[in-house]
Amino acid sequence: MTQQQEPARTTAPTALAERAVAPDLARGAMLLLIALANAHLYLHGHPVGVRGYPDDGSTADRVVAWVLLTFVDGRAYPLFGLLFGYGMVQLARRLERSGTTVTATRALLRRRGRWLLLLGLLHAALLFNGDVLGAYGLLGLLLAGAVLLSADRRLLVAAGVWLLPVALLGLGMGAPTGPDVTAFFPSMGTTDPWVAAGWRVVEWLGLTLYYVLSLAAAVLAGAWAARRGLLTRPEQHVRALRTGAVLGLGAAAVGAQPLALMATQVWTDPPVVSLLLAASLHALTGYAGGVGYACVAGLVAVAVRDHRGPVVGALVATGQRSLTCYLAQSVVFVAVLASYGGGMGDDLGVATVSVVAVLTWLATVGMAVLMARAGARGPFERLLRRLTYGPRPAVTTTPHPE
């Protein structure tokens, strides 16, 4: 039979007050981890050591670097990936409730992925080579079908298989740098803004491929968790969340130690093989850390179910505007730290640049709270929705042929 097109159904965004607390809480806190993980990459003019941490830091710099490598570095982006996969399933279920077919939902997720890819390219060209939006856009394009149609068991098996690239790519993160390298990326040591922009695009292409290969497992695992409602119905999974939090964060902290001790020069002159294996272990246990942090967010959501309080409310508001707040971090870091911007990255160390990261995150939290009080969504959240759905927030559903 000839396919007939049903009338378009309006798919309004979920009211902010009706959104599940735990995913937004995790996103809001995650942005602090992202800021801390990215800030030291803007340092330049220092000899670069393990994972981009300067070799010439003070005692305070080394202590902070140890904290970051143990609890933040390589732990924030897996959490980001888990939440992205979780959000894909949440969006798909909302569309399903509105009567949208699986085919139309998959097309919409892929359209959203294409716009994220473009936003990521613009973010890299204008501000930051380490943009992750493009990677998630590409992951959305590649994995939309799997997220919607694969059985739960297949999602977990696929996530496990994708940990192999994580381990292999982790080896590369332990590769020693040359003695004359004074910026982790060429763009970070370039003062000419046009040359830096060219470098950032080239670096973004490589980093996007790296993120796609290393974070596919997190997206698939996040989709599986969303089907179970681990963060949308956390009160039903308290025991599992407790176990995940303890084991995940514990494994992440222990697995980080070899590389953290090397980066802080407690373990000096390690053999290259030891350095590579330590980096691979650090990457793998970073996934455990991402799971642990997500479980903590679920437990906090249960604990504050009847009374959020101002701190949790501020974090939730930030998570609801995570795209806007993520991009705002890059604006501040370029204006203050980048060699092609404010240039202060040449004068600071890991400890002081981490203070800049925390202050930047706090500023975005304040911005999100003000928008929440005004009842406004983030501007980039509105932009992405308009680009995804068109001028009117509608989805055209097409029934399968009989």
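Residues numbered from 1 in each chain as written. Predicted model: local features only at pLDDT ≥ 70, side-chain atom pairs only at ≥ 80, totals over all residues. Heavy atoms only, no water.

Caption draft 1: The pattern of salt bridges, seen in detail. Applying the stated criterion to the full structure yields four salt bridges. Residue aspartate 24 pairs with arginine 27 through a salt bridge whose shortest N-O separation is 3.2 Å. Placement of the pair is aspartate 24 and arginine 27 together in helix 1 (residues 21-39), with a separation of three residues, close to one helical turn. Residue aspartate 24 shares its accessibility class with arginine 27, and that shared class is buried. With a closest N to O distance of 2.5 Å, arginine 228 and aspartate 152 form a salt bridge. With arginine 228 in helix 8 (residues 193-228) and aspartate 152 in helix 6 (residues 152-161), this pair connects stretches of sequence that are 76 residues apart. Among the ionic contacts, a cluster of salt bridges with common partners joins Asp152, Arg227 and Arg228. (Salt bridge = Lys/Arg side-chain N within 4 Å of Asp/Glu carboxyl O. Helix = DSSP H or I, 4+ residues; strand = E, 2+ residues; numbered from the N terminus. Buried < 20%, exposed > 50% of the residue type's maximum accessible area, 1.4 Å probe, protein only.)

Caption draft 2: Representation of the environment of leucine 259 within the structure. Along the chain, leucine 259 turns up in helix 9 (residues 238-263). Sequence separation between leucine 259 and leucine 276 is 17 residues, and the spatial gap between their C-alpha atoms is 9.0 Å. Those residues within four positions of leucine 259 in sequence are excluded, and the remaining contacts are Val50, Arg51, Leu69, Leu275, Ala278, Ala279 and His282. (Contact = heavy atoms within 4.5 Å.)

Caption draft 3: Here's a closer look at helix 12 (residues 322-336). For helix 12, spanning 15 residues, the distance from its first C-alpha to its last is 21 Å, which sits close to the expected 21 Å at 1.5 Å a residue. Among the 15 residues of helix 12, 11 are classified as buried, and the element is accordingly described as predominantly covered. Every buried residue of helix 12 is accounted for by Ser322, Leu323, Thr324, Cys325, Tyr326, Leu327, Ala328, Gln329, Ser330, Phe333 and Val334. (Expected span 1.5 Å × (residues − 1).)

Caption draft 4: Focus on helix 14 (residues 379-389). Every buried residue of helix 14 is listed here: Glu381, Leu384, Arg385, Thr388 and Tyr389. Mapping the buried residues of helix 14 onto a view down its axis gives an arc of 110°, with all of them on the same face. Note on helix 14: the residue one or two positions beyond its end, glycine 390, has a positive phi of about 95°. (Arc of directions from axis to C-beta.)

Caption draft 5: Looking closely at the packing of aromatic side chains. Scanning the model with the defined rule gives 10 aromatic pairs in all. Seen from their ring centres, tyrosine 210 and tyrosine 211 are 5.7 Å apart, and the 55° between their planes marks the pair as tilted. Residue classification places tyrosine 210 among the partly exposed residues on the basis of a relative accessible area of 22%. Its guanidinium or amino end placed over the ring of tyrosine 340, arginine 200 lies 4.4 Å from that ring's centre, counting from NZ or CZ. (Phe/Tyr/Trp six-rings, centres within 6.5 Å; stacked < 30°, edge-to-face > 60°. Lys NZ or Arg CZ within 6 Å of the ring centre and 35° of its normal.)

Caption draft 6: View of the nonpolar core. In this structure, Tyr42 and Val132 are the most contacted members of the largest nonpolar core, which totals 106 residues. In terms of residue count, the dominant contributor to this core is helix 8 (13 residues). In contact with valine 132, not counting residues within four places along its chain, are Tyr77, Phe80, Tyr211, Leu215 and Tyr326. (Core = buried A, V, L, I, M, F, W, Y, C linked by side-chain atoms within 4.5 Å.)

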